[in-house]
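Take a look at the letters that make up each chain.
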Amino acid sequence: MDFNMKKLASDAGIFFTRAVQFTEEKFGQAEKTELDAHFENLLARADSTKNWTERILRQTEVLLQPNPSARVEEFLYEKLDRKVPSRVTNGELLAQYMAEAASELGPTTPYGKTLIKVSEAEKRLGAAERDFIHTASLSFLTPLRNFLEGDWKTISKERRLLQNRRLDLDACKARLKKAKAAEAKATLWNDEVDKAEQELRVAQTEFDRQAEVTRLLLEGISSTHVNHLRCLHEFVKSQTTYYAQCYRHMLDLQKQLGRFPGTFVGTSEPASPPLSSTSPTTTAATMSVAPTVPGLAPPGEAALCLEEVPPPASGTRKARVLYDYEAADSSELALLADELITVYSLPGMDPDWLIGERGNKKGKVPVTYLELLS
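### A word on the environment of Leu-141
Next, step 1: Along the polypeptide, Leu-141 turns up in helix α5 (residues 110–184).
Next, step 2: Judged by its relative accessible area of 3%, Leu-141 falls in the buried class.
Next, step 3: Remark: the alpha-carbon pair of Leu-141 and Leu-57, spanning 84 residues in sequence, is separated by 6.3 Å.
Next, step 4: The contacts of Leu-141, once residues within four sequence positions are left out, are Leu-57, Thr-60, Glu-61, Leu-64 and Ala-136.

Next up, the structure:
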């Protein structure tokens, strides 16, 4: 019991000494041991990393889950170490409503058939969104959280210890200075100066040791940046995959709706192609399209007799396939991502399509699936 009381009194004395030292430093009444410029730069870099990691983490959470209530619920489940319940995505909910509407309004009517087709596409979009959220959470959000809840807490703890060691060191310096001043006036025995010098040596050793530990942790921020860079690449990769899936699903849906009798499909503007170093739509628009040749049916009305139409003497180009493409009928050419094919335009063709050749196979290919090479 006496030991505990003595320890509490000692801790209270240390705390009081540090508080006095800190206050006097703030008012310019005490000297403060300054860290070197390199150490200060490490501290500033670590603080910036922590602050920006928090902001990027929070905004990514908003991107993946815009609903604040849902985010709070997921946070509580994580803190309670319980599995987050599966939640229907907005796309899947829309798909459900459309399917139910088609069932009630007539699944065999043009409107009902279209509702069914669109609901199927929305369901695929919802599944793609779910996969993206899951992948992005594991590959990007989790490492950021681990840094803030693990490494950063360790760094903060060691920085607080370093601050305490510095206050102890400066308090010892102040006591030694006072002891020497008293000795000069012959009002203090020499053993008091010796005691103050011994305390200063101990405080200096502890401060130097803690400074080294903290410095090594702060220098580890460089490794954190490397890890976050790798995670950022994974996030971009998962986002690219998600948007590519969405684009393919909607392009396929648009093609299917175009084949429905009595279905209205807007044609005022072509679908926007994926970004690439060379915009395929823009490039295709620059290729010459001659007036309609008699006997050649417009796209969508009848299949082109491709075998009977020779390629133009000039105007053929090489193209790299951006995505896999499954041919809808015998007039189209199936594509595999990253393969090279020869393409050209025929008179009267829809500008969103080209003729593609691979070996002895020939067929229509969508421009938006291609990167035309110079």
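This is not the end of the story, as more comes after the structure.
### Thoughts on the confidence of the model for the chain
Next, step 1: Looking at the chain, pLDDT values average 81 and 79% of them are 70 or higher.
Next, step 2: Between the elements of the chain, mean pLDDT differs from a low of 41, seen in helix α8 (residues 280–286), to a high of 95, seen in helix α2 (residues 37–64).
Next, step 3: In the predicted structure, residues 265–303 sits below a pLDDT of 50 and forms 55 contacts with residues beyond four places in sequence or in another chain.

### As for the side chain of Glu-339
Next, step 1: Structurally, Glu-339 can be placed in the loop between β1 (317–321) and β2 (340–344).
Next, step 2: At 2.8 Å, the side chain of Glu-339 and the backbone nitrogen of Leu-336 are in polar contact.
Next, step 3: Once residues lying within four places of it in the same chain are set aside, the contact partners of Glu-339 are Ala-319, Arg-320, Val-321, Ala-334 and Arg-358.

### Brief notes about a nonpolar patch on the surface
Next, step 1: A grouping of Val-72, Phe-75 and Leu-76 is seen on the molecular surface, where their side chains present a nonpolar patch of about 290 Å² in accessible area.
Next, step 2: Examined against the element boundaries, Leu-76 turns out to sit in helix α3 (residues 68–79).
Next, step 3: What makes Leu-76 partly exposed here is its relative accessible area of 46%.

### Focus on α3
Next, step 1: Taking 1.5 Å as the rise per residue, α3 with 12 residues should run 16 Å; its terminal C-alpha atoms sit 17 Å apart, in good agreement.
Next, step 2: A distance of 2.9 Å separates the backbone nitrogen of Ser-69 from a side-chain oxygen at the start of α3, and that oxygen is part of Asn-67.
Next, step 3: Where α3 ends, the next residue or the one after it, Asp-81, has phi of about 55 degrees, a positive value.

### A look at the sheet that holds β2
Next, step 1: Strand order across the open sheet formed by 5 strands is β4-β3-β2-β1-β5, with antiparallel pairing between neighbours. Strands at the two margins of the open sheet, each flanked by one partner only, are β4 (361–366) and β5 (370–372). Between one strand axis and the next, the sheet turns by 40 degrees as a mean value, whatever way the strands run.
Next, step 2: The sheet contact formed by β1 and β5 spans 3 bridges and is antiparallel. Across the sheet, residue Arg-320 finds its bridge partner in β5, namely Glu-371.

### Section: unusual backbone geometry
Next, step 1: Notably, Asp-338 is not glycine yet its phi reads approximately 80 degrees, a positive angle.
Next, step 2: Within the secondary structure, Asp-338 is located in the loop between β1 and β2.
Next, step 3: Residue classification places Asp-338 among the exposed positions, given a relative accessible area of 54%.

### Structural notes on the nonpolar core
Next, step 1: Of all hydrophobic cores here, the largest spans 34 residues; its most connected members are Phe-39, Phe-132, Phe-140 and Leu-218.
Next, step 2: The set of elements that each furnish at least two residues to this core consists of α2, α5, α6 (190–219) and α7 (221–258).
Next, step 3: Among the elements that make up this core, the one with the highest residue count is α5 (16 residues).
Next, step 4: Residues in contact with Phe-39, not counting those within four places in the same chain, are Leu-162, Ala-211, Thr-214, Arg-215 and Leu-218.

### Overview of the packing of α2 against α7
Next, step 1: Between α2 and α7, whose axes approach to 12 Å, the crossing angle comes to 20 degrees. Between α2 and α7, the angle is such that the two are roughly parallel. Like other packed secondary-structure pairs, α2 and α7 cross with a definite hand, here left-handed. The segment α2 lies against α7, with Arg-45, Ala-46, Thr-49, Thr-53, Thr-60 and Leu-63 engaging Ile-221, Ser-222, His-225, His-228, Phe-235 and Gln-239.
Next, step 2: In the contact of α2 with α7, the residues fall into 4 nonpolar, 7 polar and 1 charged.

Parameters at a glance
Residues numbered from 1 in each chain as written. Predicted model: local features only at pLDDT ≥ 70, side-chain atom pairs only at ≥ 80, totals over all residues. Heavy atoms only, no water. Helix = DSSP H or I, 4+ residues; strand = E, 2+ residues; numbered from the N terminus. Buried < 20%, exposed > 50% of the residue type's maximum accessible area, 1.4 Å probe, protein only. Contact = heavy atoms within 4.5 Å. pLDDT = per-residue confidence, 0-100. Polar contact = N/O pair within 3.5 Å; in protein donor to acceptor, adjacent residues only side chain to side chain. Patch = residues over 30% accessible without salt bridge, like charges linked within 9 Å, V, L, I, M, F, W, Y side chains within 5 Å. Areas by Shrake-Rupley, 256 points an atom, 1.4 Å probe, with all protein chains shown as cover. Salt bridge = Lys/Arg side-chain N within 4 Å of Asp/Glu carboxyl O. Expected span 1.5 Å × (residues − 1). Pairing = 2+ DSSP bridges. Axes fitted to C-alpha atoms, helices over the stretch in contact; angles between N-to-C directions. Core = buried A, V, L, I, M, F, W, Y, C linked by side-chain atoms within 4.5 Å. Parallel < 35°, antiparallel > 145°, perpendicular 65-115°, else oblique. Left-handed = near helix turned anticlockwise from the far one by under 90°. Nonpolar A, V, L, I, M, F, W, Y, C, P; charged D, E, K, R; others polar.

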